[in-house]
Amino acid sequence: MHYSTIETVLDYQVYAPAHMVLNIEAARSGSQTVLSEELVVEPPVEMNAFCDENSGNRFMRFDARPGPLKIRYRASVQRSPVVVPPDLLEVPVNAVPNEVLHYLMPTRYCESDLMSRAAQQLFGDLPPGIGRVQAIVDWIHESITYEPGTSDSTTTAQEVFVQRAGVCRDFAHLGITLCRALNIPARLVVGYVWFDEPPQDFHAVFEAWIGGQWVLFDATRMAPVDRLVRVGTGRDAKDVAFCTIFGPVSMTDKGLVVREFQDENAPPSQEPVPTGEIVGIEKPVPVQAKTDGSDAAAHTLETAT
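Only a predicted model underlies this, so the values are computations on that prediction, with no experimental measurement involved.

## Observations concerning the overall build of the protein
Within the protein, the regular secondary structure consists of 5 helices and 16 strands. Counting all 305 residues of the protein, 53% fall into the buried class. Long-range pairs, those at least 24 residues apart, make up 78% of the contacts in the protein with a sequence separation of at least 6. If you sum the accessible surface of the protein, you get close to 13,500 Å²; carbon and sulfur atoms cover 52% of it.

Listed below in structure tokens is the structure:
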């Protein structure tokens, strides 16, 4: 077993009444157990919690009054490794389950339709299967420079492919796009994980649907994927923003601290190597949703960087 403790502090300045949606709580998935957690908003607000039953993403909505706003989230999470066979085959499109099919479609950040020729030129001649996805991951790691400041919240996978630089979100978007261009369903996963540098932040990786199961990949190789504490799962970054803001609000500070330790009776986690240790995760367990409702207009997204 692998254990992580998470402390997240988000500071905002609210300039006029606004509505905010948080997605910072650890998901309750099959291989991930939330042992304890606490979410505090100051000043106190009335919060409405709900969960998307398809993705397992947990959301918290509330109205924010003008003035300073502080959000604190603490959690202790246990992760069980899920070993994935190294010989998984790609699933033909006509056999892709209905609930997975939309992860084949191009999206705002993942223009798989526009990247089809490039994907075929680079990986079309490789044997279909999990090895081809790993080849995509290796190519991204070797070809794209991890360089904060080279992209922003509007940067797409095609732009990253051209400029050859980006951050973890961009690496994941490019992996998703190349997979979808080869008819391999893929989706974005955001969560918490410890790494040496850069400073702690939300981390983005991606999953590919191989052999009838989701398998995690991280082209940055900043941390083993089996240590990631999953928070959000979606088609691209717009589905997994850690905060969606409806109204005039700006972030003034963000602090994340992740601590990890291993069960002494379990084998130690392995550092990533060029071929990558392939580890998967089950579909999140549905959680009963609570609904409430107010809608708002123009909004902003805050995503992993």
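## Thoughts on helix α2 (residues 116-123)
Because an α-helix completes one turn every 3.6 residues, residues spaced three or four positions apart along the sequence face the same direction. Here α2 has its buried residues at A118, A119 and F123. All buried residues of α2 fall inside an arc of 100° around its axis, so they share one side. In this structure, α2 carries R117 and Q121 as exposed residues pointing more than 90 degrees from its buried face.

## A look at the environment of D11
Position of D11 relative to the elements: it lies in strand β1 (residues 2-14). D11 gets classed as buried once you look at its relative accessible area, which sits at 14%. For D11 and K70, which are 59 residues apart along the polypeptide, the C-alpha to C-alpha distance reads 4.6 Å. With sequence-adjacent residues up to four places away left out, D11 is seen in contact with L69, K70, S250, M251, T252 and D253. One polar contact links D11 to K70, side chain to side chain, over a distance of 2.6 Å.

## Remarks on the confidence of the model for the protein
Low pLDDT marks stretches whose predicted atomic positions should not be read closely. Per-residue confidence for the protein gives a mean pLDDT of 87, with 87% of residues at or over 70. Averaged over each element, pLDDT in the protein is lowest for strand β15 (residues 279-280) (34) and highest for helix α5 (residues 168-181) (98).

## Notes on the nonpolar core
By size, the foremost hydrophobic cluster in this structure holds 72 residues, and its most contacted members are Y12, I24, I71, L174, Y192 and F206. The element best represented in this core is α5, accounting for 8 residues. Setting aside anything within four residues of it in sequence, one finds F206 in contact with V133, V137, A172, G175, I176, C179, A186, R187, V189, V215, L216 and F217. In terms of nonpolar packing, the next biggest core, distinct from the first, is built from 9 residues, V189, V193, V205 and A223 among them.

## A look at the sheet that holds strand β3 (residues 32-42)
Across the sheet, 4 strands lie side by side as β3-β6-β1-β14; this open sheet has antiparallel pairing. Every interior strand has two partners, whereas the edge strands, β3 and β14 (249-262), have only one. The sheet shows a mean angle of 10° between the axes of neighbouring strands, taken without regard to direction. Examined bridge by bridge, β1 and β14 share 13 bridges and lie antiparallel to one another. By the bridge assignment for β14, T8 is matched with L256.

## Looking at the pattern of salt bridges
Per the counting criterion, the structure on display carries 16 salt bridges. E42 is paired through a salt bridge with R72; the nearest N and O atoms lie 2.9 Å apart. One end of the pair, E42, is in strand β3; the other, R72, is in strand β6 (residues 67-79), and 30 residues separate them in sequence. We classify R72 as partly exposed; its relative accessible area is 25%. Here R132 and E90 are joined by a salt bridge, their closest N and O atoms 2.9 Å apart. Of this pair, R132 sits in helix α3 (residues 130-143) while E90 is found in the loop between β6 and α1 (98-101), placing the two residues 42 residues apart along the sequence. One exposure class covers both R132 and E90, and it is buried. A single network of salt bridges, built from pairs that share partners, joins E25, R28, E37 and R58.

## Side note on the pairing of β1
By the bridge criterion, 13 bridges tie β1 to β6 in an arrangement that is antiparallel. Along β6, the bridge assignment pairs L10 with I71.

## So, the environment of A304
Tracing the chain through its elements places A304 in the segment after β16 (299-302). The spatial distance from the C-alpha of A304 to the C-alpha of F202 is 4.9 Å, given a sequence separation of 102 residues. Setting aside chain neighbours within four positions, we find A304 in contact with C168, R169, V190, F202, H203, A204 and F242.

## Overview of unusual backbone geometry
Here the residue pair E42 and P43 is connected by a cis peptide bond, since its omega of 0° sits within 30 degrees of zero. Positionally, P43 belongs in the loop between β3 and β4 (48-51). With a phi close to 65°, N183 is a non-glycine residue in the positive phi region. Here N183 is to be found in the loop between α5 and β9 (186-192). Of note, the phi angle at R221 is positive, near 55°, even though the residue is not glycine. Inspection of the secondary structure puts R221 in the loop between β11 (213-217) and β12 (229-234).

The rules we used
- Residues numbered from 1 in each chain as written.
- Predicted model: local features only at pLDDT ≥ 70, side-chain atom pairs only at ≥ 80, totals over all residues.
- Heavy atoms only, no water.
- Helix = DSSP H or I, 4+ residues; strand = E, 2+ residues; numbered from the N terminus.
- Buried < 20%, exposed > 50% of the residue type's maximum accessible area, 1.4 Å probe, protein only.
- Contact = heavy atoms within 4.5 Å.
- Areas by Shrake-Rupley, 256 points an atom, 1.4 Å probe, with all protein chains shown as cover.
- Arc of directions from axis to C-beta.
- Polar contact = N/O pair within 3.5 Å; in protein donor to acceptor, adjacent residues only side chain to side chain.
- pLDDT = per-residue confidence, 0-100.
- Core = buried A, V, L, I, M, F, W, Y, C linked by side-chain atoms within 4.5 Å.
- Pairing = 2+ DSSP bridges.
- Axes fitted to C-alpha atoms, helices over the stretch in contact; angles between N-to-C directions.
- Salt bridge = Lys/Arg side-chain N within 4 Å of Asp/Glu carboxyl O.

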